[in-house]
Amino acid sequence: MLSELSKLATFSPPTLTTNRSHSLLLFSLCKRFLSSSSSLSVPSHEHVVHLILEQKSASKALDTFKWAARVPSFTHSQSTYRALLHKLCTFRRFNIVKQLLDEMPHSVGFPPDEDIFLTIIRGLGRARMIRRVIEVLDVVAKFHKNPSLKILNSILDVLVKEDIDLARKFYRKKMMGNGVQGDDYTFGILMKGLCLTNRIADAFKLLQVLKSRGVKPNTVIYNTLLHSLCKNGKVGRARSLMIDIEEPNDVTFNILISGYCNERNLVQALVLLEKSFNAGFIPDVVTVTKVVEVLCNFGRVPEAVEMLERVESKGGMIDVVTYNTLIRGFCRIGKVKIGHHFLKEMERKGCLPNADTYNELIAGFCESRMWESALTMFNDMKTDGINWNFATFDTLIRGLFSGGRIDDGFKILELMEEAKGISMGRISPYNSVLYGLYKINLWDEAIDFLMKLEKLFPRTVDRSLTILGFCEEGAIEDARRVYDQMISEGGIPSVLIYDRLIHVFCQKGNVREALELVNEMVGCGYFPTPSTVNAVITEFCRQGKEGSGLKLLEDMIGRDFVPDIGSYSSLIEAFCKNSNFQQGLNLFLQMTGRGITPDLIVWRSLLLTFSRETSWLESKNLFHVKNLLKSIIAT
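Residues numbered from 1 in each chain as written. Predicted model: local features only at pLDDT ≥ 70, side-chain atom pairs only at ≥ 80, totals over all residues. Heavy atoms only, no water.

Draft legend 1. Representation of the overall build of the chain. A tally of helices and strands in the chain yields 38 helices and zero strands. Residues counted as buried form 47% of the 635 residues belonging to the chain. By element, 52% of the accessible surface of the chain is carried by carbon and sulfur atoms, the whole surface being about 31,400 Å². (Helix = DSSP H or I, 4+ residues; strand = E, 2+ residues; numbered from the N terminus. Buried < 20%, exposed > 50% of the residue type's maximum accessible area, 1.4 Å probe, protein only. Areas by Shrake-Rupley, 256 points an atom, 1.4 Å probe, with all protein chains shown as cover.)

Draft legend 2. Broad picture of the packing of aromatic side chains. Summed over the entire model, instances satisfying the criterion amount to 18 aromatic pairs. With a centroid separation of 5.8 Å and 45° between ring planes, the pair formed by Phe 253 and Phe 281 is classed as tilted. Linking Phe 253 in helix α16 (residues 250-262) with Phe 281 in the loop between α17 (266-278) and α18 (285-297), this pair joins segments that are 28 residues apart in sequence. Assessed through its relative accessible area of 5%, Phe 253 is described here as buried. Pairing Tyr 435 with Tyr 438 gives two aromatic rings, centres 6.5 Å apart and planes at 25°, and the pair type is stacked. Separated by three residues within a single helix, Tyr 435 and Tyr 438 lie in helix α26 (residues 428-439), roughly one turn from each other. Tyr 438 carries the same exposure label as Tyr 435, and that label is buried. In textbook terms, an aromatic cluster arises when at least three aromatic residues are bridged by ring pairs, as seen for Phe 401, Phe 410, Tyr 430, Phe 449 and Phe 457. Lying over the aromatic face of Phe 204, Arg 237 brings its terminal NZ or CZ to 4.2 Å of the ring centre. Lying over the aromatic face of Trp 443, Arg 500 brings its terminal NZ or CZ to 4.8 Å of the ring centre. (Phe/Tyr/Trp six-rings, centres within 6.5 Å; stacked < 30°, edge-to-face > 60°. Lys NZ or Arg CZ within 6 Å of the ring centre and 35° of its normal.)

Draft legend 3. Region of interest: a negative patch on the surface. Negative charge collects at one region of the surface, where Glu 477, Glu 513, Glu 516 and Glu 520 lie side by side. By residue number, the principal contributor to the negative patch is helix α31 (residues 511-523), which donates three residues. Examined against the element boundaries, Glu 477 turns out to sit in helix α29 (residues 476-488). Given the relative accessible area of 59%, Glu 477 is considered exposed. (Patch = residues over 30% accessible without salt bridge, like charges linked within 9 Å, V, L, I, M, F, W, Y side chains within 5 Å. Salt bridge = Lys/Arg side-chain N within 4 Å of Asp/Glu carboxyl O. Lys, Arg positive; Asp, Glu negative; His and termini not counted. Charge placed at Lys NZ, Arg CZ, Asp CG, Glu CD.)

Draft legend 4. Summary view of the nonpolar core. Counting 204 residues, the largest nonpolar core has Leu 326 and Leu 501 as its most contacted members. The dominant element in this core, judged by the number of residues it contributes, is helix α30 (residues 495-507), at nine residues. (Core = buried A, V, L, I, M, F, W, Y, C linked by side-chain atoms within 4.5 Å.)

Draft legend 5. Up close: helix α24 (residues 390-402). Over its 13 residues, α24 extends 18 Å from the first C-alpha to the last, a length consistent with the 18 Å expected when each residue adds 1.5 Å. Buried within α24 we find Phe 390, Thr 392, Phe 393, Asp 394, Leu 396, Ile 397, Gly 399, Leu 400 and Phe 401. Packed against the buried residues of α24 are α22 (355-367), α23 (371-383), α25 (406-418) and α26. Positive phi shows up at Gly 404, right after α24, with a value of about 80°. (Expected span 1.5 Å × (residues − 1). Contact = heavy atoms within 4.5 Å.)

Draft legend 6. Representation of the packing of α24 against α26 in the model. It is the contact of α24 with α26, at a shortest axis distance of 8 Å, that shows an interaxial angle of 5°. Between α24 and α26, the angle falls in the class roughly parallel. Contacts between α24 and α26 pair Phe 390, Asp 394, Ile 397, Arg 398, Phe 401 and Ser 402 from the former with Ser 428, Pro 429, Ser 432, Val 433, Tyr 435, Gly 436 and Lys 439 from the latter. A per-class count over the contact of α24 with α26 returns six nonpolar, four polar and three charged. (Axes fitted to C-alpha atoms, helices over the stretch in contact; angles between N-to-C directions. Parallel < 35°, antiparallel > 145°, perpendicular 65-115°, else oblique. Nonpolar A, V, L, I, M, F, W, Y, C, P; charged D, E, K, R; others polar.)

Draft legend 7. Region of the structure containing the packing of α24 against α25. Interhelical geometry of α24 versus α25 gives an angle of 160° and a closest axis separation of 8 Å. Here α25 runs roughly antiparallel to α24, going by the angle between their axes. For the pair α24 and α25, the sense of crossing is left-handed. For the pair α24 and α25, contact is made by Phe 393, Leu 396, Ile 397, Leu 400 and Phe 401 and by Ile 406, Asp 408, Gly 409, Phe 410, Ile 412, Leu 413, Leu 415 and Met 416, respectively. Each residue belonging to the contact of α24 with α25 can be placed in one class, and the counts come to 11 nonpolar, one polar and one charged. (Left-handed = near helix turned anticlockwise from the far one by under 90°.)

Draft legend 8. Structural context of unusual backbone geometry. A positive phi is found at Ser 73, a non-glycine position, where the angle reads about 70°. Checked against the element boundaries, Ser 73 lands in the loop between α5 (58-69) and α6 (78-90). Backbone geometry at Arg 369 places phi at a positive 60°, although glycine is not the residue there. Summarising the element assignment, Arg 369 is placed in the loop between α22 and α23. For Arg 369, a relative accessible area of 55% puts it in the exposed group.

Draft legend 9. Main features of the environment of Lys 337. Examined against the element boundaries, Lys 337 turns out to sit in helix α21 (residues 336-348). Once the C-alpha coordinates of Lys 337 and Ser 373 are considered, the two residues, 36 residues apart in sequence, prove to be 9.7 Å apart.

Draft legend 10. Highlighting the side chain of Thr 80. Turning to its location among the elements, Thr 80 is positioned in helix α6. Contact partners of Thr 80, with chain neighbours within four places excluded, come to His 45, Val 48, Val 49, Ile 52, Phe 65 and Phe 74.

Draft legend 11. Fine view of the environment of Ile 422. Along the chain, Ile 422 falls in the loop between α25 and α26. Judged by its relative accessible area of 15%, Ile 422 is buried. C-alpha separation for the pair Ile 422 and Phe 393, spaced 29 residues apart in sequence, amounts to 8.7 Å. Leaving out residues up to four positions away in the same chain, Ile 422 has contacts with Trp 388, Asn 389, Phe 390, Phe 393 and Met 416.

Draft legend 12. Here's a closer look at the pattern of salt bridges. Applying the stated criterion across every chain yields a total of 25 salt bridges. Connected through shared salt-bridge partners, Glu 312, Glu 345, Arg 348 and Lys 349 make up one network.

Draft legend 13. Helix α9 (residues 130-142), seen in detail. Those residues of α9 that fall on the buried side of the exposure criterion are Ile 130, Val 133, Ile 134, Val 136, Leu 137 and Val 140. The arc enclosing the buried residues of α9, seen along the axis, measures out at 120°, which places them on a common side. In α9, the exposed positions angled more than 90 degrees off the buried face are occupied by Arg 131 and Asp 138. Taken together, the buried residues of α9 touch α8 (114-126), α10 (149-162) and α11 (164-175). (Arc of directions from axis to C-beta.)

Draft legend 14. Structural context of a positive patch on the surface. A contiguous patch of positive charge on the surface is contributed by Arg 131, Lys 169, Arg 172, Lys 173 and Lys 174. With four residues, α11 is the largest single contributor of residues to the positive patch. Checked against the element boundaries, Arg 172 lands in helix α11.

Draft legend 15. Representation of the confidence of the model for the chain within the structure. Summarising the model, the chain shows a mean pLDDT of 87, and 90% of its residues fall at 70 or more. No element of the chain has a lower mean pLDDT than helix α1 (residues 2-9), at 32, and none a higher one than α18, at 97. Within the model, pLDDT remains below 50 along residues 1-18, and this stretch shows 28 contacts once partners closer than five positions in the same chain are excluded. In the model, residues 33-39 has pLDDT below 50 throughout and makes 10 contacts with residues more than four positions away in sequence or in other chains. (pLDDT = per-residue confidence, 0-100.)

Structure below.
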């Protein structure tokens, strides 16, 4: 045995012995011979193929190939040539390929086979050498061969991914021109190319051409067109096309159900889901998750649970993303405890939660003002071996500061800063701190905190202080200019910026601009304090646009805004001055119904109006209100 191995070692080429990694090749091969039940004197083609494919460069792969050729009684085969050609193509050494192909009839005894040419075509495709892919046909012809349909389809597939027009030309001239009509795979490739380039009309023409030639399009071809239609928002047309499919499969249903989900057409998504079940198909996990998401967005979370139970009963898959979507749905409707139940349920079923699962629950607990539960979830993550990420800190910090839990919020912020690499220069948590201080009217503390951020966010702090300075001076145009510059640079304004700009715009009479900023502010998740909302309402009233002021108040109340006396007094005064007594009285009753005590402005406005509206009061049987107001003011 040792003599055979030593005999084999004498054929190691010099280049192998000068390179340490190459010198190990022979040793590696010898070890394999010793552990193999095959002949000990000659390596198998499988061994040589494996060695070639293990090499990290084209030159080493070529040296290994040459070494094997020098082993006594070993002859290269189509498989070893194919392995070498694969490595050469991987490293774009196409200059050597032609030489190897020319020597194959002599060294192997046969010309290159189909798999050899397929390897070259795919290599050229990966290298995006599209024009040279077509030239492979000339190489095939050189060996007195007609290209197989598999070779033609492989070239067509490469062309389609890069240039659909070139692919169609290749099909017409090189395939149909030589009497090759193609098969299902050919037409599937063409359909894929047309759909990838959104040539829907041409895709339908191709479908008609197939039918006119008596070719029955397979389900894959139909599914490709269905997917493109749905991607382009033409789900209804895709649904109509489904009627033509003799044997729709699970992919067909997944495409259409997902398409309807993307359009938020819940009814049709559920109809097709039912058809899928009846046809014996179970939607894949991506489709199931989309249905869950749409159901939850419509507030139909219990139905989502029923649907998941049905999928599981039929052997369908549900993953952590599906559960996270369901948990988010429960949190949005204020049933975070039920969402927490599904955390335990997924663990029981062997579906391990991830950071997103905990983040959804933390957000839900914060939204429900269950701060202790949110903090418990945060601590449970560490106990359960799940790493905190930026979203974890960002969500909890925002929730705590928004809820007035300032001390707890600063503790979590400190933990985030201790965990290096978590925040990665993102300002969102720090803006949440400013928001929390702003909500409880700690304006000076908020400014101090902003200035401490200068080292972390120098440009943002500089822009912010500049804007605040211009607002203080009443230079609204300069403030707006710097604000726009900040936005264009990708900066995220803090609540302090929005608040000051809104107040200054109102002071300058630019109430529409102030309203736009209120909407931007709310869109960023910052809810203005009553003083900010009242400033806009007051300016609307001053300009005689009390209707717009009332609309703003109603809109903000609809978003859980808690008004104060300032929110109503300007409106009541304006409506009363403009003889809209009924609207003024309605606002007065709404205000007192909220437990807000009227101020002198409200009393005076109503009394002056009541003195002019005696007949109206009597007709509405509200005359006692006037007498009541008189007695209250008199006191």
